[in-house]
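Observations on chain architecture
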Amino acid sequence: MTLFEREDWSLFRTLNTLGQKAGVPVRRLASLVIKELTDNALDAGANVVLRHEGRWIYVEDDGPGLPDDTEFMARLFSIRRPLSSSKLLRLPSRGALGNGLRVVVGAILASKGKMFVETKGSRFHLTPRDDGTTSVRRESCESNEGTLVAVHLGYSVPVEASVLAWS
């Protein structure tokens, strides 16, 4: 018997297959990215502020923040990592599959976008790679309490004026 094996992370690398993992067509991908980032902030018990400026989407919260650790960030924002979720129970409106950040990072990779995260006085510039890993460059910044995630989707993903409505 012949078995074929494909690691599921490879489906996060292109827009053609990302929709399969994300569960939405490409035209809704920007809205899903915001929803996933908002869900994560809400899971941390934070208040969330959303902004949209051109192709940039900002999700800012006043939660406990993420660890100020380059290796942690590289692992957390990698499409190659195993499924992981902070939710013990799955809620119909909030998911719990552990794919949320993988979809966000996949959208950045597949659209040739950009992303950075600010938390605890550091800004982490995240660059997803085609091998499923993410490179991280850390610099100091003046960040507020909580976390700011900034996403710039490439031009192959529509970012409409109403992009914040779903979140």
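Residues numbered from 1 in each chain as written. Predicted model: local features only at pLDDT ≥ 70, side-chain atom pairs only at ≥ 80, totals over all residues. Heavy atoms only, no water.

1. Overview of the pattern of salt bridges
Two side chains of opposite charge can pair, provided their charged atoms sit close to one another. Per the stated rule, a full pass over the model turns up eight salt bridges. Between Asp 8 and Arg 102 there is a salt bridge; the shortest N-O distance is 2.7 Å. Within this pair, whereas Asp 8 is found in the segment before helix H1 (15-22), its partner Arg 102 is found in helix H4 (residues 100-111), the two being separated by 94 residues in sequence. Taking the shortest distance from any N to any O, the salt bridge between Arg 137 and Glu 139 comes out at 3.2 Å. Relative accessible area serves as the criterion here: at 48%, Arg 137 is assigned to the partly exposed category. For Glu 139, a relative accessible area of 30% gives the class partly exposed. One connected set of salt bridges, linked through shared partners, spans Asp 8, Lys 21 and Arg 102. (Salt bridge = Lys/Arg side-chain N within 4 Å of Asp/Glu carboxyl O. Helix = DSSP H or I, 4+ residues; strand = E, 2+ residues; numbered from the N terminus. Buried < 20%, exposed > 50% of the residue type's maximum accessible area, 1.4 Å probe, protein only.)

2. What about the sheet that holds strand S5 (residues 134-140)?
Strand order in this open sheet of six strands is S1-S2-S6-S3-S4-S5, and the pairing throughout is antiparallel. What marks the edges here is a single partner per strand, and that holds for strand S1 (48-53) and S5. Averaged over neighbouring strand pairs, the angle between their axes works out to 15 degrees when direction is ignored. In this sheet, strand S2 (residues 56-61) lies alongside S1 in antiparallel orientation, the contact comprising six bridges. Residue pairing for S2: His 52 is matched across the bridge by Ile 57. (Pairing = 2+ DSSP bridges. Axes fitted to C-alpha atoms, helices over the stretch in contact; angles between N-to-C directions.)

3. Regarding the nonpolar core
Membership of the largest hydrophobic core comes to 37 residues, with the highest contact counts inside it found for Leu 29, Leu 37, Phe 77, Met 115, Val 151 and Leu 153. Elements with a minimum of two residues in this core: H1, helix H2 (29-43), S2, helix H3 (70-76), H4, strand S3 (114-119), strand S4 (122-128) and strand S6 (147-152). Ignoring any residue separated from it by four or fewer positions in sequence, one finds Val 151 in contact with Val 33, Leu 37, Arg 55, Trp 56, Ile 57, Val 104, Ile 108, Lys 114 and Met 115. (Core = buried A, V, L, I, M, F, W, Y, C linked by side-chain atoms within 4.5 Å. Contact = heavy atoms within 4.5 Å.)

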